[in-house]
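Each chain is listed here by its residues.
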Amino acid sequence: MNRMYNRKVSTLQKEVHDNYEHTYDVFTMERPEEIRRYYTDSALVKQKIANWGALNFGVMRFFLLFIFLAILYISIDMDNFTTGSIYSIVAYIWTFVTSSEYLPELMESWTSLKDVSDRLNKASI
């Protein structure tokens, strides 16, 4: 899922940055319909990025919930852990789950930085 997310968001980030490069040209035309179209197009691309981020977040959360429940089942049913041990296991797993919530946002930022870096490298050549 993360590879597909990276591919799609990389393409969409390229569109966002292409739009940013044409901002000056759009405003120098001084035509309200062009400015409106510019912002509409920008909003649509950002909405697509947000939709992919939500899908990635949902799939990852479901997968992590499955892992959480499986580990909880194993620790409660199959092994004779104490209450404190089970609490420790749950706390460590939950820490992992909550820290992974930021992964889609970080991946989006990474793809954006990668596109900007590629643009700067092409401009310096």
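Scroll up to find the structure this text is about.
Residue numbers restart at each chain and count upward from 1, following the sequence in its written direction. Local features are withheld for residues below a pLDDT of 70 in this predicted model, meaning they are given only at 70 or higher, and side-chain atom pairs are given and counted only at 80 or more; totals for whole chains, interfaces and linings count all residues. The basis for the side-chain values is all heavy atoms of the structure; hydrogens and waters are excluded.

Caption draft 1: Quick peek at the pattern of salt bridges. Take a side-chain nitrogen of Lys or Arg and a carboxyl oxygen of Asp or Glu: if they are within 4 Å of each other, that pair is a salt bridge. In total, this model carries 8 salt bridges according to the counting rule given. Note that D41 and R37 form a salt bridge whose closest N and O atoms lie 3.3 Å from each other. Residue D41 and its partner R37 are both found in helix 3 (residues 32-78); the two are separated by 4 residues, about one turn of the helix. Buried, partly exposed and exposed residues are distinguished by accessible area as a fraction of the type maximum, computed with a 1.4 Å probe on protein chains only: under 20%, between the cut-offs, and over 50%, respectively. Its relative accessible area of 29% is what places D41 among the partly exposed residues. For the purposes of this entry, the term helix denotes a DSSP run of H or I that reaches at least four residues, the term strand denotes a run of E that reaches at least two, and both are numbered from the N terminus.

Caption draft 2: A look at the nonpolar core. In this structure, Y5, V9, L12, V16, V45, I49 and M107 together form the largest nonpolar core, which totals 7 residues. Taken together, the elements giving at least two residues each to this core come down to helix 1 (2-21) and helix 3. Ranked by the residues each element gives to this core, the list is headed by helix 1, at 4 residues. Pairs of residues are marked as contacts when any of their non-hydrogen atoms sit within 4.5 Å. Once you skip the residues sitting within four places of it in the chain, Y5 turns out to touch W52, G53, N56, P104, M107 and E108. Grouping buried Ala, Val, Leu, Ile, Met, Phe, Trp, Tyr and Cys residues that are joined through side-chain atoms within 4.5 Å yields what is termed a nonpolar core. Within the second largest apolar cluster, 5 residues are counted, among which are M60, L64, I93 and V97.

Caption draft 3: Structural context of the side chain of Q13. By the element assignment, Q13 lies in helix 1. Setting aside chain neighbours within four positions, we find Q13 in contact with I49, E108, T111, S112 and D115.

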